[in-house]
Amino acid sequence: MDPEIDFIQQGLSHLATVVDPDLPGWSRVGYSEYDVAGRAWVATQMREAGLRTHVDAVGNVIGVLEGADSAVPAIVIGSHTDTVPGGGRFDGIIGVLGAIEVVRTLQRAGIRLHHQLRVVDFANEEGNAQGVKLVGSRAIAGALTPEHLSAADDTGFTLAELLSSAGHAPERASSCRWDTKEVAAYLELHIEQGPVLEQEGVGIGVVTRVCGISTFVLDVHGRRDHAGTTPMETRQDAMCCAADAVLAVQRIAAAGRDTVGTVGTVTTSSPLTNVISEQARVTGEFRSPEGTVLDALQDQLAQEMHRIDGRHRTSSSLRWGHTDLPAIMDGDLSGIIADAAAQIGHDAVRLYSGATHDSVEMARLAPAGMIFVPSAGGRSHCPEEWTDIAHIEEGVRVLTQSVLNVDAVPTRR
Ligand code: HGY
Ligand code: MN
Ligand code: MN
């Protein structure tokens, strides 16, 4: 049962045209007009593949193919088609197109699964200016809270308003929730976005766990003074404190094992060269595959900020956003994926994911498993993101075989 790789190739080419021309790379930011248009096209592909398709209250595009046994829960496959600004053409997208191609392959072969098969293009996996990632899968997992919906960007525009602006109904977000009894297993095909598979020369990765993320906002308070007359040794320069904080994030993360730390923005309320900044804000995140390590990273940055404030005679407040704990992929399901790869002649290696995915939220509902395919140069979230179509084809084959193998297992739910 060969997937029709032309369908994937044409889908990648089409979605690469549904992007914001004013942004670099291939940008289809969640809830933008380009995202809305891209999802409308995905819904059409789902319908043409024979899926009964609807869009839920937060924008998840959900296609359903009934199984032979209505008493057993669904196998769910999917990913996301929104991108980061300046992103690439493969992140999430190959998982949605691959999932639709699984359905098309089963239809061509005249195979009817026991389980219902659901295909999802999750809404706004990449997050937004309000700081909330995995919006659609959080809603399906029943974890999109009123606090998430009332989160606001620097202009006060809330996530609820962003959803409404795209024609969705945030007030009905709770209606998106699925019951755990509805789902037998969740499988996601995704690009690795890192260097491991390419370095190992292996085409298939089986994900063991997905990193946890802790995001922070650091507000620094200094003293506004004249830039020309204030001696260096008496300044309370919020921007210099913020600069040391950025390097502290890098230093702390670099010192850990499998830990990463990244700063997104450094802003000041007085962007002038003749005024010493009295206020600065730093936003960033830490990631680790271990939840306890995330806690330790938070403590280390708090201690560092105490020292840095002393050096600059500033005072800082460090606010931690929502911490997404690491998600462990299901061992049995990962075994089924690895066996499926072997069954069709592909080697597979086990690895953790430094990127987060909708599987983190779906793992709240059911056993979740992920299939990785190589990223050229280990690069992603950039226009240079690239995965060979041959690798994508391998990934779709393994996804298809994994679905068949899960379907053959009497449901454990
Ligand atoms: O942030 C991430 O890791 C994902 O690509 N949204
Ligand atoms: Mn992704
Ligand atoms: Mn991404």
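Below is a summary of the structure that appears in this document. (Residues numbered from 1 in each chain as written. Chains lettered and ligands numbered in written order. Predicted model: local features only at pLDDT ≥ 70, side-chain atom pairs only at ≥ 80, totals over all residues. Heavy atoms only, no water.)

**Quick look at the coordination of the manganese ion (ligand 3)**
Line of reasoning, step 1. All of the protein donors around the manganese ion (ligand 3) are Asp91 (OD), Glu126 (OE), Glu126 (OE) and His381 (NE2); their distances to the metal are 2.1 to 2.8 Å.
Line of reasoning, step 2. In this model, the manganese ion (ligand 3) sits 3.5 Å from the manganese ion (ligand 2), the two metals being bridged by Asp91. Here the residue Asp91 occupies a position in the loop between β3 (74–80) and α3 (93–109), and Glu126 occupies one in the loop between β4 (117–122) and α4 (135–140), the gap between them amounting to 35 residues. No difference in accessibility class separates Asp91 from Glu126, as the two residues are buried. (Donors = N, O, S within 2.8 Å, 3.2 Å for Na, K, Ca; no water. Helix = DSSP H or I, 4+ residues; strand = E, 2+ residues; numbered from the N terminus. Buried < 20%, exposed > 50% of the residue type's maximum accessible area, 1.4 Å probe, protein only.)

**Some remarks on the pattern of salt bridges**
Line of reasoning, step 1. Under the criterion given, the structure shown has 26 salt bridges.
Line of reasoning, step 2. Residue Arg138 is joined to Glu361 by a salt bridge in which the shortest nitrogen-to-oxygen separation is 3.5 Å. You can see Arg138 sitting in helix α4 and its partner Glu361 sitting in helix α11 (residues 359–362), a full 223 residues away along the chain.
Line of reasoning, step 3. Measuring nitrogen to oxygen at the nearest pair gives 2.9 Å for the salt bridge that ties Glu304 to Arg307. Taken together, the residues Glu304 and Arg307, both in helix α9 (residues 291–312) and three residues apart, mark about one turn of the helix.
Line of reasoning, step 4. The class of Glu304 is buried, set by a relative accessible area of 12%.
Line of reasoning, step 5. Each member of the salt-bridge network shares a partner with another, and the members are Glu4, Glu101, Arg104 and Arg108. (Salt bridge = Lys/Arg side-chain N within 4 Å of Asp/Glu carboxyl O.)

**Description of the site of ligand 1**
Line of reasoning, step 1. Close to ligand 1 lie Glu125, Glu126, Lys133, Arg287, Ala355, Thr356 and His381, which account for all nearby residues.
Line of reasoning, step 2. Between ligand 1 and the protein, one listed contact pairs an oxygen atom with a backbone N or O atom of Thr356 at 2.9 Å.
Line of reasoning, step 3. The fraction of the free accessible surface of ligand 1 (220 Å²) that becomes covered by protein chains is 95%.
Line of reasoning, step 4. Of the residues that constitute the shell around ligand 1, the class distribution is one nonpolar, two polar and four charged. (Near = heavy atom within 4 Å. Polar contact = N/O pair within 3.5 Å; in protein donor to acceptor, adjacent residues only side chain to side chain. Areas by Shrake-Rupley, 256 points an atom, 1.4 Å probe, with all protein chains shown as cover. Nonpolar A, V, L, I, M, F, W, Y, C, P; charged D, E, K, R; others polar.)

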